[in-house]
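# Coordinates in review
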Amino acid sequence: MYRYDQFDAEFVAGRVAQFTDQVERRISGELSEDQFRPLRLMNGLYLQLHAYMLRVAVPYGTMNSTQLRKLAHIARTYDRGYGHFTTRQNIQFNWPRLDDVPQILSELASVEMHAIQTSGNCIRNVTTDQFAGAAADEIIDPRPVAEIIRQWSSLHPEFSFLPRKFKIAITGAPNDRAAIKFHDIGLMAQQDEQGKVGWAVYVGGGMGRTPMVAKEISPFVPHSDLLAYLESILRVYNRYGRRDNKYKARIKILVHEEGLATLREQVESEFLQVRGGVLNLPDDELSRIKAYFAPPAFKDSDARFDLAALKVSDPEFARFVLHNTNQHAQAGYTSITISLKPVGGVPGDATDAQMEVVADLAQRFSFDELRVSHEQNLVLPHVAIDDVRAVYEALNGAGLGEANVGQITDMIVCPGLDYCALANARSIPVAQEISRRFGSARRQEEIGDLKIKISGCINACGHHHAGHIGILGVEKRGTELYQITVGGNAGENAAIGNILGRGIVAEEVPDAIEQLVEIYLKARSGAEENFLGTLKRVGEAPFREALYGND
Amino acid sequence: MEMIEQSDPISAHQTNAGKDRLRAFGIITLNSMFAQKDASGVLRMAIEDLLADELAVVSSFGADSAVLLHMVSKIDPNLPILFLQTGRHFPQTLAYVKTLSKRLGLANVRLLAPDSDELVRFDPDEDLWKSDPNACCHIRKIVPLDKALGGFGGWVSGRKRYQTEERGALSHFELTSDNRIKVNPLAYWEGADIAAYKKTHDLPEHPLFAEGFASIGCAPCTSAVTNGENPRSGRWRGLNKAECGIHFDVNRRISPAMNKAELTLFRDGEFVADPWGKWVEGTAPVLARYVHVPLVEFVVNRAAYLASLHPLGLLVGAGDDVMEVASDLGRFSSIAVEFPAFTDGRGYSSARLLAERLGYKGELRAVGDVLADQIPLMRRCGVNAFVVSHAATRKALEKGVPGRIDVFMQPAGGDEIPVGTRAFVRRAPNFTVSTP
């Protein structure tokens, strides 16, 4: 993975010193909360319902064990013993004290981490496929390019006060595991006729109150021009994006109001000026960065799982292998997803002790590498198939052995009204109820892959728009109500779910989900047809009817 | 050469809108409208715009006088030059008045003589300088000059900061207690600048200069100076007196220091007076000067603004497209980029387009909600001056730009990109590109 050089270290140290000074000015009263706000936001420090919240960047979701141990240490020392992994592949600490934050940032800097640009109207952490550099279906490892984008976008002098936040996701595989079409810019690796790799650029995706699937603005941008192309999009957005209404300020609205053709024309005309200049990315520089992401020293191995045999001899482990491993490009290896969705637990949370266990496993079994997935799980990307059993046992010992990845209890859930100042309704308790309802292994096996995503307000941090079943918390006359959507998809065939009907109270949500699942189970053509397949075939009507009758 | 004795001062006070507007800027605005050593610029503006037809030069025809007089001769050789004929000058000085005036073609040198009745009354033996030099100066210099200045709105002096401690706070323009504007084009010049100018233009020296007289007034009160001595230390040597009095204001001090808080423009590492005024809607294009004209207004009346000869600035609003004035940038002495709110970042793009794409090299100032923490970013986008009203920001800037991060990850601004390097090859002084 990428390692800081003297330059990065200096850069982050400078930022820590700067923020330390700003915190001191705030505590001394020299800065008012109003003046402090934009400054703390630039360093990922939010003011939540009960306390400050610090969001730490995990660039493109990649970490090593030293870094995760530091996060565990911070959780233990400065917080309440846990952290929350987010859909942006970052981690949030929910209870830091303001006067501890400079110290936390300086501890982070000591392991090459920071909180820069994890909030504010700037270019946020670049996210990618959690299996980048490991997945069998990958055309190219997207991390070197993600790292270059990180460098280009860090404290960008022109793009630090955009109309609104700006999120870029990149994937090197045709199977989109990074939800790129729900980002302001999505990049998907493409190969042209000569086999040259470049990027299809999608623009204007997003969730929130106006969900949009990103549209293709360019089918192929070569590596060498990528930064120039991104700068062109950002400049057009910075100049013409709406600033009169924060709810209409994302680039998706610009795309929607101006039309893709107009935006493309503006971007292309800017691109003509910018391309070939200082942002041109020569091959040797890409190679230099690529060297940081060279594959680890894999051992030759032809080990493979015999699932059929395992199902008989060790059904629980077989289930773990089936759901929690992903096919690796290297024979004899696999990627393990560590579920942070224990039945009845808080999705995405990990205790300091659990982080220590995972760090340990990464060091021993995964070439010291770790990933955070946008679905709020952790990943050991490079585990020898012969070691999976040992990893599984260690995980079980730490309460991390849940074999539910991709299943109905592996939900994306925002913090909701339990933490968040913006939320209208609680999300976590609703998720916990659903998780308990569908917790049995047999039930989950029967249902198969089904993605539920829950947001506590229209800002859609829980990606409910992209859930096969989405749940949105709203507030009506003092009551927390939940709207149910169906048909969302975060993958390469991205789609936004449709609302089935009026909101229902929290207590009714598990029953409603149960009813939807029952309809699906009854209507599906076979176990291989997933929820979206059935929905497409039979339409929404039976599902709507199940919830609301014929009215 | 025509030499005229004191004649009637110019009676007609010609006023016009342009002059009034210029004066309305006030002294603070007038100062720092010019680079410190732009003596000719100061002089030209004073002669042609600020005090047209009501300006005089007061010259001692002393050791350095040739410099200012040479500049005057190039702009307007008919400008009134007032010389205080005190009656106690060195004969060499009187000869120099003639030779220099002839050489420079000065056509309007006026000799101001003291009132003969007063001389008879107060200094019959011509030794008042011994017993009461202040009274002597009063009769021979102050009273005659006061009389002569009656018809002038302002006057030019050749004083320089380096000459004495008291003159160390001198600025280009002062407002005197009798409501005249005093112009000091050479305020910031050093001895070396004077010497260089004399050499470049091959100006004749005062005959006594070679004998060690660095500042020359009346003979009885002037002595030579030795190397290393302050040039004016030869005047009234041994007496607690450094000024004859013509430059005193009501409080017997010269050039009161400006109030720091009135300086709002941060440029080149310090707060300076802002020479630019506010554009007022409805101002006829031909009358606009030293104001930042809004881009939209400029575009609408482009021909008129281009035809005007006055110094002009441009105001780029947050939503304005700078590409609309791409071919007119040479017209502007200053461009102001507006940041209407801390969170409105459009100005950063405008600044980069101006500085990088369009190659604008002049003053590029940020106006509006300019806070300390934005300044490093603005600088990197090409902004080189900041109009600051926020008190905490002002304090921070006075302490040194806060939160400055000297290393950066991407190129922005023309001079940040060393030859042969690229965007993402992060670089800063003393850092090398590393490999894993």
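Residues numbered from 1 in each chain as written. Chains lettered and ligands numbered in written order. Predicted model: local features only at pLDDT ≥ 70, side-chain atom pairs only at ≥ 80, totals over all residues. Heavy atoms only, no water.

### Section: the overall build of chain A
Quick note on the threshold: Where helices and strands are cited, they refer to DSSP runs of H or I of at least four residues and of E of at least two residues respectively, numbered from the N terminus. It is over C-alpha atoms that the radius of gyration is taken, and the globule rule equals 2.2 Å times the number of residues to the power 0.38. Think of it in three bands: with a 1.4 Å probe and only protein chains considered, a residue is buried below 20% of the maximum accessible area for its type, exposed above 50%, and partly exposed in between.
Scanning chain A for helices and strands turns up 18 helices and 21 strands. Over its C-alpha trace chain A gives a radius of gyration of 23 Å, about what one expects of a compact globule, namely 24 Å for 551 residues. Taken over the C-alpha atoms alone, chain A extends approximately 60 × 60 × 55 Å along its principal axes. Across the 551 residues in chain A, those meeting the buried criterion constitute 65%.

### Describing the nonpolar core
Heads up, the condition is: To qualify as a nonpolar core, a set must consist of buried Ala, Val, Leu, Ile, Met, Phe, Trp, Tyr and Cys residues joined through side-chain atoms within 4.5 Å. Any pair of residues with heavy atoms lying within 4.5 Å of one another is described as a contacting pair.
Residues L71, F85, I149, W152, I185 and L380 of chain A are the most contacted members of the largest nonpolar core, which totals 151 residues. With nine residues, helix α6 (residues 226-240) of chain A is the largest single contributor of residues to this core. Non-local contacts of I185 of chain A, meaning those with residues more than four positions away in its chain, are made with F166, K167, I168, A169, I180, V201, Y202, V203, L230, I233 and L234 of chain A. F34, A66, L69 and L203 of chain B belong to the second-largest nonpolar core, a separate cluster that totals 42 residues.

### Here's the deal with the domain arrangement of chain A
All names here are of chain A. Quick note on the threshold: Domain start and stop points were drawn from an automatic or database domain assignment. What gets called buried area is simply the loss in accessible area from a 1.4 Å probe that two parts show on being joined, summed for both. By salt bridge we mean one thing: a side-chain nitrogen of Lys or Arg within 4 Å of a carboxyl oxygen of Asp or Glu.
In terms of domain boundaries, chain A breaks down into domain 1 (6-110), domain 2 (135-291), domain 3 (307-397) and domain 4 (412-548). For domain 1 versus domain 3, the distance between C-alpha centres works out to 28 Å. Here domain 1 and domain 3 share an interface that buries about 1900 Å² over both sides, 54% of which is from carbon and sulfur atoms. Looking at the side of domain 1 facing domain 3, the largest losses of area belong to L68, R69 and F85, adding up to 31% of the total buried there. Where domain 1 touches domain 3, the interface holds four salt bridges.

### A word on a positive patch on the surface
The condition that has to hold: For patches, a residue must show more than 30% relative accessible area and have no salt bridge; joins then use 9 Å for like charges and 5 Å for nonpolar side chains, namely Val, Leu, Ile, Met, Phe, Trp and Tyr. Computed with the Shrake-Rupley method and a 1.4 Å probe, the accessible areas treat only the protein chains shown as cover for residues. Residues counted as positive are Lys and Arg, residues counted as negative are Asp and Glu, and His and the chain ends are not counted. A single reference atom marks each charge: NZ on Lys, CZ on Arg, CG on Asp, CD on Glu.
A grouping of R37, R209, K246 and K248 of chain A is seen on the molecular surface, where their side chains present a positively charged patch. Summarising the element assignment, R209 of chain A is placed in the loop between β9 (197-203) and β10 (215-222).

### Considerations on the side chain of K181 of chain A
Topologically, K181 of chain A is positioned in the loop between β7 (168-171) and β8 (185-191). One buried charged residue, K181 of chain A, forms no salt bridge at all, with the nearest opposite charge on D176 of chain A at 6.6 Å.

### What to know about the sheet that holds β10 of chain A
Residues and elements named next belong to chain A. Formally: Only strands that DSSP links by at least two bridges are regarded as paired with each other. Here an axis means a line fitted to C-alpha atoms, over the contact stretch when the element is a helix, while the angle between two N-to-C directions is reported on a 0 to 180 degree scale.
The five strands lie next to each other as β6-β7-β8-β9-β10, forming an open sheet whose pairing is mixed. The outermost strands of the open sheet, each flanked by one partner alone, are β6 (127-128) and β10. Where β6 meets β7, two bridges bridge the pair, whose relative direction is parallel. Paired with T128 across the strands is I170, a residue of β7. Docked against the sheet, helix α8 (residues 260-274) engages β9 and β10, running at close to 30° with respect to β10.

### Here we look at the sheet that holds strand β14 (residues 369-372) of chain A
All names here are of chain A. If you walk across this open sheet you meet the five strands as β3-β14-β15-β12-β11, and the pairing is antiparallel. The sheet is open, and its two edges are formed by β3 (62-64) and β11 (325-327), each paired on a single side. On average, each strand axis in the sheet is inclined to that of its neighbour by 35°, with strand direction left out of account. Judged from the three bridges that link them, β3 and β14 form a sheet pairing that is antiparallel. Residue pairing across strands places N64 opposite E369, the latter belonging to β14. In this fold helix α3 (residues 65-78) packs onto β3 and β14, with an angle of close to 85° to the strand it touches most, β3. Taken strand by strand, helix α13 (residues 388-397) contacts β12 (333-338) and β15 (378-384), and its axis lies near 10° from that of β12.

### As for the pattern of salt bridges
Residues and elements named next belong to chain A. Counted by the stated rule, this structure contains 60 salt bridges over all chains. A salt bridge links D360 to R69; the nearest nitrogen and oxygen atoms lie 3.1 Å apart. One end of the pair, D360, is in helix α12 (residues 352-365); the other, R69, is in helix α3, with 291 residues separating them in the sequence. One salt bridge connects R544 with E540, and the closest N-O pair in it is separated by 3.0 Å.

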